[in-house]
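Understanding the architecture of this molecule
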Amino acid sequence: MTSVAQPPTSSATDLPRLHHWIGGAPFAGTSGRLGPIYNPATGELAREVDFASVEEVDAAVAAAKAAFPGWRATSLSRRTEIMFRIRNLVDQHREEIAAHLTAEHGKVRTDALGEVARGIENLEFATGVPHLIKGSFSEQVSGGIDVYQIRQPLGVVAGITPFNFPAMVPMWMFANAIACGNTFILKPSEKDPSASVYVAELLKEAGVPDGVFNVVHGDKVAVDRILEHPDIAAVSFVGSTPIARYIYETGTKHGKRVQALGGAKNHMVVLPDADIDMAADAAVSAAYGSAGERCMAISVVVAVGDVADPLVAAIRERLPKITVGPGNEPASEMGPLITREHRDKVASYLDSGREQGAEVLVDGREHPRYQDGRGFFLGVSLMDHVRPDMDCYRNEIFGPVMEIVRASSYTEAVEIINDNPYANGTAIFTRDGGAARQFQFDINVGMVGLNVPIPVPVAYYSFGGWKNSLFGDLHMYGPEGIQFYTRAKVVTARWPDPGTSRVDLGFPRTR
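The rules we used
Residue positions within a chain follow its written sequence, with the count starting from 1. Owing to the predicted nature of the model, reporting of local features is limited to residues with pLDDT of at least 70; listing and counting of side-chain atom pairs is limited to 80 or more, with chain, interface and lining totals taken over all residues. Water and hydrogen atoms were dropped before computing side-chain values, which therefore reflect all heavy atoms in the structure. Note on patches: the residues involved have over 30% relative accessible area and no salt bridge, like charges join within 9 Å, and the nonpolar side chains Val, Leu, Ile, Met, Phe, Trp and Tyr join within 5 Å. We get accessible surface area from the Shrake-Rupley algorithm with a probe of 1.4 Å; when it comes to residues, only the shown protein chains can shield them. Salt-bridge detection follows one rule: a side-chain nitrogen of Lys or Arg within 4 Å of a carboxyl oxygen of Asp or Glu. Secondary structure follows DSSP: runs of H or I at least 4 residues long count as helices, runs of E at least 2 residues long count as strands, and numbering of each begins at the N terminus. For the purposes of this section, nonpolar cores are sets of buried Ala, Val, Leu, Ile, Met, Phe, Trp, Tyr and Cys residues that join through side-chain atoms within 4.5 Å. Classification of residues uses two cut-offs on accessible area relative to the type maximum, computed with a 1.4 Å probe and protein chains only: under 20% is buried, over 50% is exposed, and between them is partly exposed. Two residues form a contact once any of their heavy atoms are found within 4.5 Å. A pair of strands is considered paired only if DSSP assigns at least 2 bridges between the two. Only the stretch in contact is used when a helix axis is fitted, and all axes are lines through C-alpha atoms; the angle between N-to-C directions ranges over 0 to 180 degrees. Should an angle fall under 35 degrees it is called roughly parallel, over 145 degrees roughly antiparallel, and 65 to 115 degrees roughly perpendicular, with every other angle called oblique. Three classes are used: nonpolar for Ala, Val, Leu, Ile, Met, Phe, Trp, Tyr, Cys and Pro, charged for Asp, Glu, Lys and Arg, and polar for all others, with Gly counted as polar. Polar contact is the term for a pair of N or O atoms within 3.5 Å; when the atoms are in protein, one must be able to donate a hydrogen and the other to accept it, and sequence-neighboring residues count only if both atoms are side-chain atoms.

A separate point is a nonpolar patch on the surface. On the surface, Val 458, Tyr 460 and Tyr 461 cluster together into a nonpolar patch covering about 340 Å² of accessible area. Within the element layout of this structure, Val 458 appears in the loop between strand E20 (447–450) and strand E21 (466–467).

Judged by nonpolar contacts, the single largest core of 68 residues is most densely connected at Ile 86, Val 90, Phe 174, Ile 178 and Phe 184. Here this core gets 10 residues from one element, more than from any other, and that element is helix H6 (residues 168–179). Not counting residues up to four positions away in its chain, the partners in contact with Ile 178 are Trp 71, Arg 79, Met 83, Ile 86, Phe 184, Leu 203 and Val 212. In terms of nonpolar packing, the next biggest core, distinct from the first, is built from 67 residues, Val 270, Val 284, Ala 358 and Tyr 393 among them.

As a further point, take the environment of Trp 172. Relative to the assigned elements, Trp 172 resides in helix H6. Given a relative accessible area of 4%, Trp 172 falls into the buried group. Taking the C-alpha atoms as reference, Trp 172 lies 9.8 Å from Ala 126; in sequence the two are 46 residues apart. For Trp 172, the residues in contact, after removing those within four places along its chain, are Asn 122, Val 238, Phe 463, Met 476 and Tyr 477.

What follows deals with the sheet that holds strand E5 (residues 44–50). Read from one edge of the open sheet, 3 strands run E1-E5-E4, paired in mixed fashion. Where the open sheet ends on each side, the last strands, each with one partner, are strand E1 (17–18) and strand E4 (34–39). Bridge analysis of E1 against E5 gives 2 bridges, and the strand direction is parallel. Paired with Leu 18 across the strands is Val 49, a residue of E5.

With that settled, the discussion passes to the packing of helix H8 (residues 220–228) against helix H9 (residues 241–253). Contact pair H8 / H9: the axes reach a minimum separation of 9 Å and the direction vectors enclose 40°. One finds that H8 runs oblique with respect to H9. For the pair H8 and H9, contact is made by Lys 220, Val 223, Asp 224 and Leu 227 and by Tyr 246, Ile 247, Thr 250 and Gly 251, respectively. Of the residues in the contact of H8 with H9, the class split is 4 nonpolar, 2 polar and 2 charged.

This paragraph deals with the side chain of Asn 418. Mapping Asn 418 onto the fold places it in helix H15 (residues 410–419). Within polar-contact distance, the side chain of Asn 418 engages the backbone nitrogen of Asn 444 at 2.8 Å. Not counting residues up to four positions away in its chain, the partners in contact with Asn 418 are Asp 442, Ile 443, Asn 444 and Lys 467.

The structure is reproduced here in structure tokens:
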């Protein structure tokens, strides 16, 4: 997905600067370090962003810690009212948020609006917090004794989010976190951070008290301080697997609760009985949407048996019809990649795949947008006869490259997927209900689609993979998100008649 940036050099340009958001207001950085923010459609440097020092992260934590007692004590009805206001303001300003995504990530408008819409779903789920954190009660477990469980917030929590969903993934985290009574520190991707500050302004307008929601920008300095700070109780992360492992190991070593979602290599199995046109439409949509920069993108199509040749032909037929261009042009269906370096890394897998025996049917470097050199564009690419031992298969490409792996049978297809170290999402296309049901039973992957190519759960379920796609016990958002941002407390209570009290040194009895 994404990785933590290397420290940049300071800049003396007159470009606009994006500041941190601490204690309910913009907070100008004083570290002297800045990061570049590019317009990926033109390749031009558009603005710069402050990179936090250790002291600036500490200031955000101090603001969040100071705000926690009052926010935790705020009634559920008041918190719910504020969550509804947040939801409505984000809904009213979805076009403005989407414009930030297009300008800094490169998403086309429809894709950017879709991201905001899925984020709003999580805000809507969080408005149900009075029901979601209800405890349980058992009366008369012993003579005159009742036992009940309550869920309470953790305190100051933090989220470290990736470049590919700069609005939605923060909403995956902070919606449940603050609804449950925690205060929150967001460290967004330094590549496209403006949406996070815009959302912070909306939260303030909604009535979120100062210090409850904070934004610090930066690189490894900020990340490491978040992981080490003793006043941060929990960290949520979405990004690449190597960084997810680092986040998990470092955070837990410092006594934090951590959920760290890593990379993916999502497979879509197409059985011989599948509708070819439907499967081809789904594969193309799922592989190339958002230029393939989705952790749930279908990057591998596993064609079973004699479906392979007609399926590949149907996919290839659709590719020239995809309009690649700047996200702010209405005709564009796929925009650029996030940076030139990432674009070039994605393209390098076309060369390594060819060298290792794959057949490159469509090379995105032949697209005019790539050829003219403006922006970070790469056309859609298609490789056939890919094998699991190839570099292009073993690594998460995270770009507009679809790979075709051919399997002789359903059993072989399942073995290919289950042998992969990633286990985020998968899908199967078939008309056979029995085969689909068997697939969901056999497959060792966290999210499964049956004739659905991108099985991202709705907000009232939880999102997360297995194996190297998740470090930690709990998935993100939904019911497991509520569980992650709260902890259980069990109370055993007795209000006895004083006349029955006596000394008893025996072991407590329930019978």
